[in-house]
Amino acid sequence: MLKVIGAGLGRTGTYSLKAALERLGHGPCHHMSSLGGDLDRIRGWEAAARGEPVAWDDLLAGYRATVDWPSCFFWQELADVYRQAPVILTVRDPARWYASVRDTIYRSSHRQPGWHGLAMWLEDRVCAGLRVRRRMCERVIWEGTFGSRFGDPDFALRVFAWHNAHVQAVIPDHRLLVYDVGQGWGPLCEFLGVPRPDEPFPHLNDTAAFRRMASRRRRRLLTLRPLGPDEHTAVR
């Protein structure tokens, strides 16, 4: 059963928050990277995006927290089902957020002319999990969240602002933490009522790290080598 719900959109420090929540005893934490090649669960998220009935305990079986897409697309449904779970809204400077999404998951989800598009086509043929996950991401992120208009920066930034404002309007203050991962352990530990670890806060999966992981993943896939356990982070 979920104990923490992450409502922040992807690329707002969600991978860092996942690691932090797991360090604080609120794991496993579901994140896009958790899906790997789990076709049943990926298809379950896709069905949820189509509006089909969802057995949330089944779809999120084994997880105690959620962050990132696809679950943040369903933050309100999750907050209604798991009424005792606190909600964390990760936030970020809007312009930096847009640039990060554009240069990472948007770029890795959309075929472009030349080598990049060919490599994506080959990846999809080699890895069924990646192909199905990209299809799910198209429905949940690019269509569902941004109405197929992410390429319009002004529109995408309005969606980002609306999402953050809507979460804050719906979730009562006592249940909500509006959180920038740059704030570190302090606000997060105080909100969850847990001791602060004597170690640095995890700052993971920035744009450079995402691109390195994506390149390494592509090399492995195109040479028919299986992905390592940490190489699903950059898959969108």
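Bear in mind that the values here come from a model prediction, so they are computed numbers and not experimental data.

Participant: I'm lost on the layout of surface pockets in this one. Help?
Facilitator: With a probe scaled to a water molecule rolled over the atoms, the places where space remains empty come into view. Here the second largest pocket is characterised by a volume of approximately 190 Å³. Around the second largest pocket, the lining residues are Leu-9, Cys-72, Phe-73, Trp-75, Gln-76, Glu-77, Gly-144, Thr-145, Val-159, Trp-162, His-163 and His-166. Put simply, the parts of the chain that give the lining of the second largest pocket at least two residues each are α4 (75-81), α7 (128-145) and α8 (153-170). Looking at the lining of the second largest pocket element by element, the count peaks at 4 residues for α8. Among the residues forming the lining of the second largest pocket, the class breakdown is 6 nonpolar, 5 polar and 1 charged.

Participant: Looking at this structure, I do not really get the pattern of salt bridges. What am I missing?
Facilitator: For side chains bearing opposite charge, pairing can occur when the charged atoms are close. In total, this model carries 7 salt bridges according to the counting rule given. Of the charged contacts, one joins Arg-135 and Glu-46 as a salt bridge, the two residues approaching to 2.8 Å between their closest N and O atoms. Within this pair, whereas Arg-135 is found in helix α7, its partner Glu-46 is found in helix α2 (residues 39-49), the two being separated by 89 residues in sequence. Accessibility expressed as a relative area gives 44% for Arg-135, which makes it partly exposed. A salt bridge links Arg-149 to Asp-152, with the shortest nitrogen-to-oxygen separation between them at 3.4 Å.

Participant: Looking at this structure, I do not really get the packing of aromatic side chains. What am I missing?
Facilitator: Aromatic rings considered in pairs are described by the distance between their centres and by the relative angle of their planes. For the coordinates displayed, the defined rule picks out 17 aromatic pairs. Relative to Phe-146, the ring of Trp-97 lies with its centre 6.0 Å away and its plane at 35°, an arrangement referred to as tilted. With a gap of 49 residues between them, Trp-97 in helix α5 (residues 94-109) and Phe-146 in the loop between α7 and α8 connect regions that are remote in the sequence. With relative accessibility at 0%, the residue Trp-97 sits in the buried group. Aromatic pair Tyr-179 and Phe-201: ring centres 6.4 Å apart, planes at 70°, arrangement edge-to-face. A residue pair is termed long-range when its members are at least 10 positions apart, and Tyr-179 in strand β5 (residues 176-179) and Phe-201 in the loop between α9 (185-192) and α10 (207-222) qualify at 22 residues. The residues Tyr-179 and Phe-201 share a single accessibility class, namely buried. Through a chain of ring-to-ring contacts, the aromatic side chains of Trp-69, Trp-97, Tyr-98, Tyr-106, Trp-142, Phe-146, Phe-150 and Phe-160 assemble into a single cluster.

Thresholds applied
Counting starts from 1 at the beginning of each chain's written sequence and moves along it residue by residue. Given that this is a predicted model, residues contribute local features only at a pLDDT of at least 70 and side-chain atom pairs are listed and counted only at 80 or more, while totals for whole chains, interfaces and linings are drawn from all residues. In computing side-chain properties, one takes all heavy atoms of the structure into account and sets aside hydrogens as well as water. Of the grid points, spaced at 1 Å and generated over the protein atoms alone, those admitting a 1.4 Å probe that cannot get out make up cavities, while open sets with protein on both sides within 12 Å along at least five of seven lines make up pockets; any residue with an atom within 4 Å of a point is treated as lining. Grid points are joined across faces, edges and corners, and a volume is the space filled by probe spheres set on the points. A run of H or I in DSSP counts as a helix once it spans at least four residues, and a run of E counts as a strand once it spans at least two, with each numbered from the N terminus. In the scheme used here, Gly and all other residues not listed as nonpolar or charged are polar, with Ala, Val, Leu, Ile, Met, Phe, Trp, Tyr, Cys and Pro taken as nonpolar and Asp, Glu, Lys and Arg as charged. A side-chain nitrogen of Lys or Arg and a carboxyl oxygen of Asp or Glu constitute a salt bridge if their distance falls within 4 Å. Exposure classes here rest on a 1.4 Å probe applied to the protein chains alone. A residue is buried below 20% of its type maximum, exposed above 50%, and partly exposed in between. Two aromatic rings, drawn from Phe, Tyr or Trp (for Trp, its six-membered ring), form a pair once their centres lie within 6.5 Å of each other, and the interplanar angle then sorts them: stacked below 30 degrees, edge-to-face above 60, tilted otherwise.

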